[in-house]
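Listed here are the chains, written in short residue letters.
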Amino acid sequence: MRNPWEFIKPSLLSISIVASAAQATEVVLVSGAVGKDIEVLKEVVKPWEKSTGNKLTVFPMPASTTDQFGQYRLWLAAGNADIDVYQTDVIWAPQLANNFVDLTPYTRDIVDQHFPSIIESQTTNGKLVALPILTDAPALYYRKDLLKKYNKTVPNTWGELTETAKYIQTKEREAGNSDMWGFVWQGNAYEGLTCDALEWVKSFGGGQIVEADGTISINNPNAVAALKMAKSWVGDISPAGILAYQEEDARGVWQTGNAVFMRNWPYAYSLGNSEESAIKGKFGAAPLPSGTSQNKSAATLGGWNVAVSKYSKHKEASISLAKYLASEEVQKYRALHSSNLPTIISLYDDKDIKEQQPIIAQWKDVFLHAVPRPSAPTKIKYNEVSSKFFSAVHSTLAGSGSAEENLEVLEYELETLKGNTW
């Protein structure tokens, strides 16, 4: 069996000075997780532990990024010294920057390996506050076998998806599969719904909630149309329980073979093709649909990073770990084993990745349609903006007020939150 670490370069082990057992440091990292993220992290860190003599302790967080952010903010506000390294969402840098070590002096030799836009997203007031370890953009997962069976094509618009999903769902249920659903996604009231709904709204020409110049744009007819479309799915091509779904809930239905389409992140690709998966080899991934043929697809830009707490008592070891986790070798391992998308440009031309995970190169098409959440213009108020947005969307999906009513109230709430400036 091939040693998964045989591609590790000897130079990687020079990231840190080898420590003696007496100097060993325990570095505590907090991280959310989906799928097998924690297992992969514990495996991927073994060479670093061996080379440095240090030990990583992983403190797992809830899968909900909203819950993670809330807990992170409490710990950091209290100056918690028990946590050394935080795994952070791409949108959190402006909000948490003052609590993290400036990594600029330690990373001048490696930052040029990464996509410049991703490094820029983690730079606040000239300080690099987190190192990227993977990037993210969701796609439309589709059952190749079912589309072929019913002579259907991959939908280009949400309307086409709705029709195709309904048709195949109906036919499959008539054939005896009463558990089949047309489309599963993330409908719970959390950051994941902000991502899903932003894609609907943007792809309908409804803007990005708050535009780059700070203008609040969400209350418009195109955004209304997008939310009305999504509401029509609930209880029809999507289960009524979709309003409580997060990423793993959607993947659970999908991977057991009970959905025609799924909206999810790249991590679900390798899991869907695992040996225990009921849909191994039966699905593909494509850019998300657009609102109309005149509009473009939109995929919310995601990604994860590692930041070193300025309250850590083990900064040297923590910086060493952060650089290691962001390295080319570790990103390659994660690409091969978890279909995580690298932030290091050269890996998209890597021979092993092209052969073993060809979907990663194909994901470039998804990135062409990536749209950022409005964390840059709203700065430290982004979390409140997102919370108000996903709450308004969730209310609409649940039938508590119309799309028109809820977006009008949302606009007022955001204007109040903004005040004179963000």
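Residues numbered from 1 in each chain as written. Predicted model: local features only at pLDDT ≥ 70, side-chain atom pairs only at ≥ 80, totals over all residues. Heavy atoms only, no water.

Colleague: Explain the overall build of the chain to me, using residue names and the numbers behind them.
Modeller: For the chain, the helix and strand inventory stands at 19 helices and 13 strands. Its C-alpha radius of gyration of 22 Å places the chain within 12% of the 22 Å reference for a compact globule of 422 residues. A principal-axis box enclosing the C-alpha atoms of the chain has dimensions of 65 × 60 × 30 Å. Relative to its 422 residues, the chain shows a buried fraction of 57%. (Helix = DSSP H or I, 4+ residues; strand = E, 2+ residues; numbered from the N terminus. Rg over C-alpha atoms; globule rule 2.2 N^0.38 Å. Buried < 20%, exposed > 50% of the residue type's maximum accessible area, 1.4 Å probe, protein only.)

Colleague: Run through the sheet that holds strand β9 (residues 259-264), naming residues and quoting values.
Modeller: Strand order in the open sheet formed by four strands is β8-β9-β7-β10, and the pairing between neighbours is mixed. In this open sheet, the two edge strands, each paired with only one partner strand, are β8 (181-184) and β10 (283-286). Adjacent strand axes in the sheet meet at a mean angle of 15°, parallel and antiparallel pairs treated alike. Pairing geometry for strand β7 (residues 139-143) and β9, over four bridges, is antiparallel. Within β9, the position partnered with A139 by the bridge is N264. In this fold helix α10 (residues 247-255) packs onto β7, β8, β9 and β10, with an angle of close to 155° to the strand it touches most, β9. (Pairing = 2+ DSSP bridges. Axes fitted to C-alpha atoms, helices over the stretch in contact; angles between N-to-C directions. Contact = heavy atoms within 4.5 Å.)

Colleague: Quick rundown of unusual backbone geometry? Include the residues and the values.
Modeller: A positive phi is found at N125, a non-glycine position, where the angle reads about 50°. Topologically, N125 is positioned in the loop between β4 (123-124) and β5 (127-128). Accessibility expressed as a relative area gives 74% for N125, which makes it exposed.

Colleague: Kindly report on helix α8 (residues 191-203), identifying the contributing residues and their values.
Modeller: For α8, with 13 residues, the first-to-last C-alpha span of 19 Å sits near the 18 Å given by 1.5 Å per residue. Across the 13 residues of α8, 12 count as buried, placing the element largely inside the fold. For α8, the complete set of buried residues consists of E191, G192, L193, T194, C195, D196, A197, L198, E199, W200, V201 and S203. Just downstream of α8, G205 is the residue with a positive phi angle, here 80°. (Expected span 1.5 Å × (residues − 1).)

Colleague: Go over the sheet that holds strand β12 (residues 302-308) with me, naming the residues and quoting the values.
Modeller: Judged by pairing direction, the sheet is mixed, and its five strands sit side by side in the order β2-β1-β3-β12-β6 without closing on themselves. Of all the strands in the sheet, the pair left with one neighbour each is β2 (55-60) and β6 (131-136). Sheet twist, expressed as the average angle between the axes of neighbouring strands with direction ignored, equals 20°. When strand β1 (residues 26-31) meets strand β3 (residues 85-89), the two strands line up parallel, connected through two bridges. Looking at β3, one finds that V30 is bridged to Y86. Running at roughly 140° to β3, helix α3 (residues 65-77) makes contact with β1, β2, β3 and β12 of the sheet.

Colleague: With reference to specific residues and values, describe the environment of F115.
Modeller: Relative to the helices and strands, F115 is located in the loop between α4 (93-96) and α5 (116-121). Note on F115: relative accessible area 25%, which makes it partly exposed. Taking the C-alpha atoms as reference points, F115 and I345, 230 residues apart in sequence, are found 6.1 Å from one another. Those residues in contact with F115, other than ones at most four positions away along the chain, are P342, T343, I345 and Y348.

Colleague: I'd like a description of the pattern of salt bridges, backed by residues and values.
Modeller: Scanning all chains against the criterion turns up 15 salt bridges. The partner of K332 in a salt bridge is D350, and the shortest N-O contact between them spans 3.3 Å. Note that K332 is positioned in helix α13 (residues 328-338) and D350 in the loop between α13 and α14 (351-356), a separation of 18 residues in sequence. According to the relative accessible area criterion, K332 is buried, its value standing at 10%. The salt bridge partner of D349 is K354, with a shortest N-O separation of 3.9 Å. (Salt bridge = Lys/Arg side-chain N within 4 Å of Asp/Glu carboxyl O.)

Colleague: Describe the confidence of the model for the chain, listing the residues and the values that go with them.
Modeller: If pLDDT is low for a region, its predicted coordinates should not be looked at in detail. On average, residues of the chain score 93 in pLDDT, and 95% of them reach the 70 mark or higher. For residues 1-22, every residue scores under 50 in pLDDT, and the model assigns this stretch 34 contacts once sequence neighbours within four places are set aside. (pLDDT = per-residue confidence, 0-100.)

Colleague: Explain helix α12 (residues 315-325) to me, using residue names and the numbers behind them.
Modeller: Counting buried residues along α12, nine of its 11 residues qualify, which places the element largely inside the surrounding structure. A317, S318, I319, S320, L321, A322, K323, Y324 and L325 are the residues of α12 that are buried.

Colleague: Got a sec to walk through the pairing of β9? Specific residues and values, please.
Modeller: Each regular strand carries side chains that alternate between the two faces of the sheet. Burial of β9 is extensive: six of the six residues sit out of reach of the surface. In terms of strand pairing, β8 meets β9 through three bridges, oriented parallel. Within the sheet, the bridge partner assigned to F183 lies in β9 and is F261.

Colleague: Describe the nonpolar core, naming the residues involved and giving the relevant values.
Modeller: Counting 83 residues, the largest nonpolar core has W200 and I218 as the members making the most contacts within it. In terms of residues, this core owes the most to one element, helix α9 (residues 221-233), which gives seven residues. In contact with W200, other than residues within four places in its own chain, are W158, W185, L193, A226, L227, M229, A230, W233, V393 and L397. With 51 residues, the next largest nonpolar core counts V27, W75, A307 and V308 among its residues. (Core = buried A, V, L, I, M, F, W, Y, C linked by side-chain atoms within 4.5 Å.)

Colleague: Can you break down the environment of D236 residue by residue, with the values?
Modeller: By the element assignment, D236 lies in the loop between α9 and α10. The exposure class of D236 is partly exposed, given its relative accessible area of 28%. Measuring from C-alpha to C-alpha, the distance between D236 and Q95 comes to 39 Å, with 141 residues separating the pair along the chain. For D236, the contacting residues outside a window of four places in its chain are K166, Q169 and W181. At 2.6 Å, the side chain of D236 forms a polar contact with the side chain of K166. (Polar contact = N/O pair within 3.5 Å; in protein donor to acceptor, adjacent residues only side chain to side chain.)

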